Number of protein chains: 2
Amino acid sequence: MPTAPRVIVEVMLKPEILDPQGRAIIGALGRLGITDVVDVRQGKRFEITLDGALADASLDDLHRVAAELLSNPVIEDYELRIEA
Amino acid sequence: MPTAPRVIVEVMLKPEILDPQGRAIIGALGRLGITDVVDVRQGKRFEITLDGALADASLDDLHRVAAELLSNPVIEDYELRIEA
């Protein structure tokens, strides 16, 4: 039985954008005595399960969704990949 | 020159926990005419950059951080992996 294809979209702030959540985590780590962490970036991860096979049209749609709905292209980059 | 090791922590709601953000995204997709998506789950992704090599002690620390600081073990699962 073929499993439904799953698409993973990862959205992270662009490298040049300051990440206050990440900075807060570095601060918390320091207070826990963990000082070998030099950077933390926090982003979003979406697991999208499709009904049936992944058509080219669907993939184009998903790229549009990732670029316009799941991320803010002004400050974020996304990566989209297909899991079998 | 060796690059600093990077640790990726992915935090997702446990499968049995309802994901209202994911449901909202499915609704938005339907209004855009994309109807072949059966499930969307939204989670968090952390990119942690370390200073120098990754010692076993650091890895234990990072698992503790992922389990207690970056995720809520009551409702979330985490995955931790090392990128070269």
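Keep in mind it's a predicted model, so treat the numbers as computed, not measured.

On to the sheet that holds strand β1 (residues 6-13) of chain A, then. The 6 strands lie next to each other as β3(A)-β1(A)-β2(A)-β2(B)-β1(B)-β3(B), forming an open sheet whose pairing is antiparallel. Pairing within the sheet leaves two strands with one partner each, and these edge strands are β3 (76-83) of chain A together with β3 (76-83) of chain B. Taking each pair of neighbouring strands and ignoring which way they run, the sheet shows an average axis angle of 20 degrees. Bridging between β1(A) and β3(A) involves 8 bridges; their strand directions are antiparallel. Residue pairing for β3(A): A:Val7 is matched across the bridge by A:Ile82. Packing of helix α1 (residues 20-31) of chain B onto the sheet brings it into contact with β2 (37-50) of chain A together with β2 (37-50) of chain B, and relative to β2(B) it is tilted by some 125 degrees.

Before going further, it helps to examine the relation of the copies chain B and chain A. Rotating chain B by 180 degrees about the axis while translating it 0.0 Å along that axis superimposes it on chain A, leaving an RMSD of 0.0 Å. Between the two chains, the operation in question is that of a two-fold axis. For chain B, the residue whose C-alpha comes nearest the rotation axis is B:Lys44, separated from it by 2.2 Å. Mapped onto chain A, 100% of the interface residues of chain B again fall at the interface, so both copies present the same surface.

Now for the environment of B:Glu76. Residues and elements named next belong to chain B. Mapping Glu-76 onto the fold places it in strand β3. Accessibility expressed as a relative area gives 13% for Glu-76, which makes it buried. Between the alpha carbons of Glu-76 and Ile-34 there is a distance of 28 Å; along the sequence they are 42 residues apart. Ignoring any residue separated from it by four or fewer positions in sequence, one finds Glu-76 in contact with Val-11, Met-12, Leu-13, Lys-14, Lys-44, Leu-70 and Ser-71.

On to the side chain of B:Arg41. Position of B:Arg41 relative to the elements: it lies in strand β2. A polar atom in the side chain of B:Arg41 sits 2.8 Å from the backbone oxygen of B:Ile17. Every residue in contact with B:Arg41, bar those within four places of it in the chain, is listed here: A:Arg45, A:Phe46, A:Glu47, B:Met12, B:Leu13, B:Lys14, B:Pro15, B:Ile17, B:Leu18 and B:Asp19.

Below, the discussion takes up the side chain of A:Arg41. Salt bridges are absent for the buried A:Arg41, whose nearest opposite-charge side chain, A:Asp19, sits at 4.5 Å. A polar contact is formed between the side chain of A:Arg41 and the backbone oxygen of A:Lys14, at a distance of 2.8 Å. Ignoring anything within four residues of it in the chain, the contact list for A:Arg41 reads A:Met12, A:Leu13, A:Lys14, A:Pro15, A:Ile17, A:Leu18, A:Asp19, B:Arg45, B:Phe46 and B:Glu47.

This brings us to the confidence of the model for chain A. Detailed conclusions should not be drawn from predicted coordinates in areas where pLDDT is low. Residues and elements named next belong to chain A. Of all residues in chain A, 96% attain a pLDDT of 70 or more, and the chain-wide mean is 92. Across chain A, the element-wise mean pLDDT spans from 90 in helix α2 (residues 56-68) up to 97 in β1. Reported for the predicted complex are a pTM of 0.90 and an ipTM of 0.90.

Thresholds, definitions, all that
- Residues numbered from 1 in each chain as written.
- Chains lettered and ligands numbered in written order.
- Predicted model: local features only at pLDDT ≥ 70, side-chain atom pairs only at ≥ 80, totals over all residues.
- Heavy atoms only, no water.
- Pairing = 2+ DSSP bridges.
- Helix = DSSP H or I, 4+ residues; strand = E, 2+ residues; numbered from the N terminus.
- Axes fitted to C-alpha atoms, helices over the stretch in contact; angles between N-to-C directions.
- Contact = heavy atoms within 4.5 Å.
- Least-squares fit on C-alpha atoms with pLDDT ≥ 70 in both.
- Buried < 20%, exposed > 50% of the residue type's maximum accessible area, 1.4 Å probe, protein only.
- Polar contact = N/O pair within 3.5 Å; in protein donor to acceptor, adjacent residues only side chain to side chain.
- Lys, Arg positive; Asp, Glu negative; His and termini not counted.
- Salt bridge = Lys/Arg side-chain N within 4 Å of Asp/Glu carboxyl O.
- pLDDT = per-residue confidence, 0-100.

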